[in-house]
Amino acid sequence: MAKKLVIVESPAKAKTISKYLGSDFEVLASVGHIRDLAEPKELPADKKKGPLGKFSIDVDNDFEPFYTISAGKSKTVSELKSALKGAEELYLATDEDREGEAIAWHLLEVLKPKVPVHRMVFNEITKDAIQEAVSNTRSINDNLVEAQETRRVVDRLVGYEISPVLWRKINRGLSAGRVQSPAMRMIVERERERMAFTEASYSSITAQLQEDSVEFEAKLSSIAGEKLAGSKSFDESGNLVQKVRVLAPAEAEALAASLVGASLEVMSVEAKPTTRKPYAPFTTSTLQQEASRKLGMSAKQAMDTAQQLYQEGYITYMRTDSPNLSQQAISASISAAKELFGADSVHDSPRLYGAKSKNAQEAHEAIRPSGESFKHPSELASLLHGRSLALYELIWRRTVASQMADAKLSTTTAKFSITHQGEELEFSASGTTVLFKGFLAAYDETSDTKEPEAKLPKLDVGQKLTAKEVLPKNHSTQPPARYTEASLVKALEEQGIGRPSTYAAIISTIISKGYVVKRGNALVPEWISFTVTRFLEQNFGNLVDYEFTAKMENDLDRIALGELDRSGWLKNFYFGDEGLQAVVNSLGESDPRAINTFELAEGIALRTGKFGPYLEVMENDERRIVNIPEALTPDELTLKRLRS
DNA sequence: CAGTGAGCGAGCTTCCGCTTGACTT
């Protein structure tokens, strides 16, 4: 009979840990949070009318929260309660981060244990680490719990204070939040840049050369000492930002034609050695990015597939912000690399990686194959298939590569010259060769890009080559690309907005609220998000500021250290002179027409009314209403406008 | 008398982060 009850967050983790602890211990899972702020509409009738009614937080009484057992969690809670009845000790082994500490505290509050309680923490799941953790327990860190509660309260205050403002001023059902609103704003800002972008055109000339049966291309780089324009020569308004020569299409065509059969002399050949380091092992964010780039998976698909691999015991936990590997994982990577790629493929000392995100909490390891020695993907070919196998292999490769040697490359640049029609023309060609593969043997970044890296033949200064073919090409500068799921997750992580468990959910939120649509891989803002973003920028600049979360995190850290007081901080945030409540109260009457109107161009305004978007066009002092299909997106409308 | 309309009150929408498994497509 088990005498000691251990509670962790994840059932899969419970199963593993149970093996390491023996029959004295019963290991159960809380399955995430068990309690949360009540929904105001579900408050008991007497509380609904009182100060709790708006937020389930008593803002006048030190922001005292009103918690309830989360929907669907009463069964888990009663199972935990009955397990506790037979136990002599309780170990709270939730994750060692802010949320985990809070879960432990909520468990205490709900279970009210009468036996000794220990807070047990570990950040890798190995027999040694677990046994060490069970004999080195501490007590709950109340400051850390307060920091979590502050985070939770801020999110409720922001979301439930500002969303109703949007209902009143713009349209029913809209939402705003600390995380979703900056995410939406990023997408809107990118679209604004695209709408304002003016393309510039320029032409280039490429000569096809051959030596030693190696064909390669050389590009015209300058004419009479003047450099030719490239994509970086123009700004977003299409203006030149460098002193360069811009070839017009006709000019390029004539010049190219006259160069066919010309003889180019090699002026210089320079080889530059470069090294490349392997990438850090996967975190949630980088896994989502690479699963998208290499396997074409959405953030949700990547997470669902990883979850399945985790639950079946193939990989470690998939929601993590730490790229750190345990000692055991480092050894496993090194031995896999040595066995498959040779002893010299391994870096001479273990490589350590630190989190790059400023708000990382690092409660878990990096995402890697589980176990003390990694199963090669081919061993799992009969057990896994399709997406699962592909994702496992990606994780396996990334992990093994992270302990391998730098790749050594050499980039050779050759310059050619010719005097043509009285002017000195310079061409240049470059090629890269891999001198030593190193980690590239396991994780080749370039293998999936379409064009293989160009190679150059051996060339000597003074040597002359004949241009067999000379081709002109017209180019135009491109507006900044729209965010994809993967690039948005990357940007959010860089700003410290959102957490590994929510990256995929943030995207679903702004899509399901109708703010953003996915077209192919691109995230495209709907008109309503222009309106909402502009409104938030004007009235709640603080909230949509990308720095907001980072600043909040800073203060939460100080609360966790006991340097700052929870209720004082919240009081200032909500009741301060420039606090949330003051801002909302000072909004006053605003012209709903103005808020809903987005000036597209002189005399053409877009309005996002309750019945969908439409255009108001002023023609000869007459107002004309033009309905537009809701599916239409900003850039399409711009094009359409130009056509009509 | 029947139809209209002003005025009022009630109910609905909403946040982020931690988990999995039960749903539907």
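Residues numbered from 1 in each chain as written. Chains lettered and ligands numbered in written order. Predicted model: local features only at pLDDT ≥ 70, side-chain atom pairs only at ≥ 80, totals over all residues. Heavy atoms only, no water.

Asker: Give a description of the packing of helix H6 (residues 142-169) against helix H18 (residues 566-575) that names residues and reports values.
Answerer: Axis separation between H6 and H18 bottoms out at 10 Å; the angle between their running directions is 15°. With respect to their mutual orientation, H6 and H18 come out roughly parallel. Crossing handedness for the pair H6 and H18: right-handed. Where H6 approaches H18, its residues Glu 146, Glu 149, Thr 150, Val 153, Val 154, Leu 157, Val 158 and Glu 161 are matched on the opposing element by Arg 566, Trp 569, Leu 570, Phe 573 and Tyr 574. Among the residues forming the contact of H6 with H18, the class breakdown is eight nonpolar, one polar and four charged. (Axes fitted to C-alpha atoms, helices over the stretch in contact; angles between N-to-C directions. Helix = DSSP H or I, 4+ residues; strand = E, 2+ residues; numbered from the N terminus. Parallel < 35°, antiparallel > 145°, perpendicular 65-115°, else oblique. Left-handed = near helix turned anticlockwise from the far one by under 90°. Contact = heavy atoms within 4.5 Å. Nonpolar A, V, L, I, M, F, W, Y, C, P; charged D, E, K, R; others polar.)

Asker: So what's going on with the protein's contact with DNA strand B? Which residues, and what values?
Answerer: In the vicinity of DNA strand B lie 39 residues, with Glu 39, Gln 180, Tyr 317, Arg 319 and Ser 501 positioned nearest. Taken together, the sugar and phosphate atoms account for 62% of what DNA strand B places within 4 Å of the protein. A distance of 3.2 Å separates a sugar or linking oxygen of DNA strand B from a polar atom in the side chain of Glu 9. At a separation of 3.1 Å, a base nitrogen of DNA strand B approaches a polar side-chain atom of Arg 152. Broken down by secondary-structure element, the contributors of at least two residues to the surface near DNA strand B are H6 and helix H10 (299-311). Broken down by element, the residue count for the surface near DNA strand B peaks at nine residues, all from H6. Broken down by class, the residue content of the surface near DNA strand B amounts to 10 nonpolar, 14 polar and 15 charged. (Near = heavy atom within 4 Å. Polar contact = N/O pair within 3.5 Å; in protein donor to acceptor, adjacent residues only side chain to side chain.)

Asker: Run through a negative patch on the surface, naming residues and quoting values.
Answerer: A cluster of acidic residues, Asp 62, Glu 64, Asp 142, Glu 146 and Asp 565, forms a negative patch on the protein surface. In this fold, Glu 64 is placed in strand S5 (residues 64-65). The exposure class assigned to Glu 64 is partly exposed, which follows from its relative accessible area of 45%. (Patch = residues over 30% accessible without salt bridge, like charges linked within 9 Å, V, L, I, M, F, W, Y side chains within 5 Å. Areas by Shrake-Rupley, 256 points an atom, 1.4 Å probe, with all protein chains shown as cover. Salt bridge = Lys/Arg side-chain N within 4 Å of Asp/Glu carboxyl O. Lys, Arg positive; Asp, Glu negative; His and termini not counted. Charge placed at Lys NZ, Arg CZ, Asp CG, Glu CD. Buried < 20%, exposed > 50% of the residue type's maximum accessible area, 1.4 Å probe, protein only.)

Asker: Quick one: what's the story with the nonpolar core, residue by residue and with numbers?
Answerer: Counting residues in hydrophobic clusters, the biggest one holds 103 residues, and the most contacted among them are Leu 157, Leu 536 and Phe 540. Considering each element in turn, this core owes the most residues, nine residues, to H6. Among all residues touching Leu 157, those that are not within four sequence positions of it are Phe 55, Ile 57, Val 59, Phe 63, Ile 162, Phe 573, Tyr 574 and Leu 580. Leu 228, Ala 256, Leu 425 and Ala 429 belong to the second-largest nonpolar core, a separate cluster that totals 27 residues. (Core = buried A, V, L, I, M, F, W, Y, C linked by side-chain atoms within 4.5 Å.)

Asker: Could you give an account of the pattern of salt bridges, naming the residues involved and the relevant values?
Answerer: Between side chains of opposite charge, a pair can form as their charged atoms come close. Evaluated as defined, the whole model comprises 33 salt bridges. Asp 321 is paired through a salt bridge with Arg 499; the nearest N and O atoms lie 3.1 Å apart. Of this pair, Asp 321 sits in the loop between H10 and helix H11 (327-341) while Arg 499 sits in the loop between helix H13 (485-495) and helix H14 (503-512), and the two are 178 residues apart along the sequence. Using a relative accessible area of 8% as the deciding quantity, one classes Asp 321 as buried. Each of Glu 99, Arg 151, Asp 155 and Arg 178 takes part in salt bridges that share partners, so that together they form one network.

Asker: Which residues make up the sheet that holds strand S8 (residues 117-119), and what values go with them?
Answerer: What holds strands together in a sheet is hydrogen bonding between their backbones, with the strands either parallel or antiparallel. The four strands lie next to each other as S2-S1-S7-S8, forming an open sheet whose pairing is parallel. Single-partner strands in this sheet number two, and they are strand S2 (25-29) and S8. Direction aside, the axes of adjacent strands within the sheet are offset by 20° on average. When strand S1 (residues 4-8) meets S2, the two strands line up parallel, connected through five bridges. Each residue of the ladder has a partner; that of Leu 5, found in S2, is Glu 26. With respect to the sheet, helix H3 (residues 74-85) is in contact with S1, S2 and strand S7 (89-92), its orientation differing from that of S2 by roughly 165°. Across the sheet, helix H4 (residues 98-111) touches S1, S7 and S8, and the angle it forms with S8 is around 170°. (Pairing = 2+ DSSP bridges.)

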